[in-house]
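# Fold and contact review
Read off the chains here:
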Amino acid sequence: MIELIREQPKGPFFARKWWKINDKYTVVVSYEDSMCSVTVTDEENKSITDQVINNAPSVDFSVAKAPIGGSLIEIRESAVDDLLKEIERLM
Amino acid sequence: MRRQKIIVQDSFGHHYRLHLRSEVPIRAPLQPENFRDGYYTWQFVSKLKVDHNSWLRLLWHVSESPPNRHLTLHECQHAIAALILRGVIKLYRLMHLDRSGQQTSYPLINAAHGEQYHFIPTTELLSHEPREAKFFHREPTQATHFIQQLALTDEQLAAITRALSCPLQLSAASTAPRAKQIAQLEQALIAGKIAVEQARVAPLKQDNLETLPVTPATDKPMTLGPHEEPGYESPEKTNTMSGGEVVPNNKTIQSNSPIEIHFGLKVVDSRTQGFLDQLPENLSQSIFHKKQIGVTDLARLTAATGDEFALFTRGSQRLVVRGHRNGIDLSVGDIKLLQEQGYKWSGHSHPGTFARDLEASGNIGGAAQSGDRFVLDLMKQERSLILNSGGSRNVFDRFGNRILDG
């Protein structure tokens, strides 16, 4: 189950949406100017973005590094839904 | 709550700082006393003026003896000697306390460019509250240059040598020629016996968790954090209530210390829980007024959750962002956006209570730009602060770390 739990308009940061997948995993999508960046955490708030990166080859994305965090998935806005479904399938 | 420094005296009136391995390492260029022989170490310990209960409490603290086990004084002294030999406890001689047992005041030197300095015995840093000082033991040329730049008058030089003559055996000002006094001062700086501290307007309150490391006294403040950046306001500037926080309605609410929360000795207080309620998950963000939240709250939040938190300041606004166990997934674009809006990166917190948890990550320049230092670059700042779950602090810049709690 993919559920939108919160969204926030652009302010200090780019606009964001928080999705909950299977009531366990939190996916945060940040809508930047030219693409979106996505980060995924588990129910203990540990980043599992790398696991998604390594196991979601069917979605077209690139990988960036958050300077004080971990990996970020960079993806076109039109592909966000596909990525969410892929994460649901994987998890 | 900062741990009280343990200072003891022997039967000759010599003072020593007992430094436990669990404490933040001592950064000052000082060597501990050298103990190798068991009998000598025990003899030394037995001559320290420490009562039975104090030794017992120290042993309980380092988990060498359970609270319900009673040791005789003799057994305590043996146990302490063993800990010294194992390096769990180190002793540093505090010569500057030997004469009076009190902190001496050190003359204020007005430099030509408007700043003010104290020359202090380096051991002073072990007996007083954590503070920032400059050492020259690795920079002999800079030591010479620094003293030349000060252009000390004869009176200033005399005052310095007088104040430092006892702990450092400098020649008395009245008897030594000026060149010799200058040379002695340089040698003591290079040897690490003396440190230089920039003066402050007001002394730090030891019991005030919310006081930033330095309150500058000069036209160009020597600051340790991003508060030297234009437009930055210290997160702690208005938090002057000891042990508590000032909230908008002027009520003071007591908060439990980060270390107490981390070790489960105290529950997450309602105030900290109130922040958490507004920051429920990864990348949650919330803006608070400067009177509502300080940097120590980042440590409390991390102690309560195990997650990293970051604080950005713009005027009276404080923007707090929650990360996850291993970092805060703000993109380069997010950080640039913050910078463009005039935010300054006041600090962030790392989970853990060890000194290593205070280390800043990353590099600037080249292809491998990453980590905390890369964010300094993106935010166009010189410095920022890292706190750990214990509330200890490190002001880091592009090149190094300056652990403040030690």
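Note that the coordinates shown come from a computational prediction; the quantities given were computed from them, not determined experimentally.

## Notes on helix α12 (residues 332-340) of chain B
Those residues of α12 of chain B that sit buried are D334, I335, L337, L338 and Q339 of chain B. If you follow the buried residues of α12 of chain B, they end up packed against β2 (15-21) and β3 (25-31) of chain A together with β10 (309-314), β11 (317-322) and α13 (371-379) of chain B. Phi turns positive one or two residues past the end of α12 of chain B, at G342 of chain B, with a value near 90 degrees.

## Points about the interface of chain B and chain A
In this assembly, 36 residues from chain B lie in contact with 28 residues from chain A. Looking at the side of chain B facing chain A, the largest losses of area belong to E281, Q285 and D329 of chain B, adding up to 24% of the total buried there. If you look at where chain B meets chain A, you find two salt bridges. The residue E281 of chain B makes a salt bridge to R6 of chain A at a minimum N-O spacing of 2.7 Å. On the surface where chain B and chain A come into contact, there are 18 residue pairs in polar contact (both at pLDDT 80 or more).

## Here we look at the confidence of the model for chain B
All names here are of chain B. A residue-level look at chain B finds 75% of positions with pLDDT of 70 or above and a mean pLDDT of 77. Summarising per-element confidence for chain B, the mean pLDDT is lowest in strand β7 (residues 244-246) (33) and highest in β10 (96). Counting interchain partners and residues more than four positions distant, the pLDDT-below-50 stretch residues 201-253 has 140 contacts. Model confidence for the complex is summarised by a pTM of 0.53, with the ipTM given as 0.95.

## Things to note about the side chain of Q8 of chain A
Turning to its location among the elements, Q8 of chain A is positioned in strand β1 (residues 2-8). Judged by its relative accessible area of 18%, Q8 of chain A falls in the buried class. Within the structure, the side chain of Q8 of chain A is placed 2.8 Å from the side chain of Q285 of chain B, a separation counted as a polar contact. Leaving out residues up to four positions away in the same chain, Q8 of chain A has contacts with A15, R16 and W18 of chain A together with Q285 of chain B.

## Let's talk about the packing of helix α10 (residues 270-278) of chain B against helix α11 (residues 295-305) of chain B
Two quantities define a packed helix pair, namely the angle between the axes and the distance from one axis to the other. Residues and elements named next belong to chain B. Direction vectors running N to C along α10 and α11 enclose 80 degrees, while the axes themselves pass 10 Å from each other. Comparing their axes, α11 and α10 come out roughly perpendicular. On α11, the residues touching R271, T272, F275 and L276 of α10 are D297, R300, L301, A304 and T305. Class assignment for the residues of the contact of α10 with α11 results in four nonpolar, two polar and three charged.

Scoring rules and cut-offs
Residues numbered from 1 in each chain as written. Chains lettered and ligands numbered in written order. Predicted model: local features only at pLDDT ≥ 70, side-chain atom pairs only at ≥ 80, totals over all residues. Heavy atoms only, no water. Buried < 20%, exposed > 50% of the residue type's maximum accessible area, 1.4 Å probe, protein only. Helix = DSSP H or I, 4+ residues; strand = E, 2+ residues; numbered from the N terminus. Contact = heavy atoms within 4.5 Å. Buried area = accessible area lost by both parts, 1.4 Å probe. Salt bridge = Lys/Arg side-chain N within 4 Å of Asp/Glu carboxyl O. Polar contact = N/O pair within 3.5 Å; in protein donor to acceptor, adjacent residues only side chain to side chain. pLDDT = per-residue confidence, 0-100. Axes fitted to C-alpha atoms, helices over the stretch in contact; angles between N-to-C directions. Parallel < 35°, antiparallel > 145°, perpendicular 65-115°, else oblique. Nonpolar A, V, L, I, M, F, W, Y, C, P; charged D, E, K, R; others polar.

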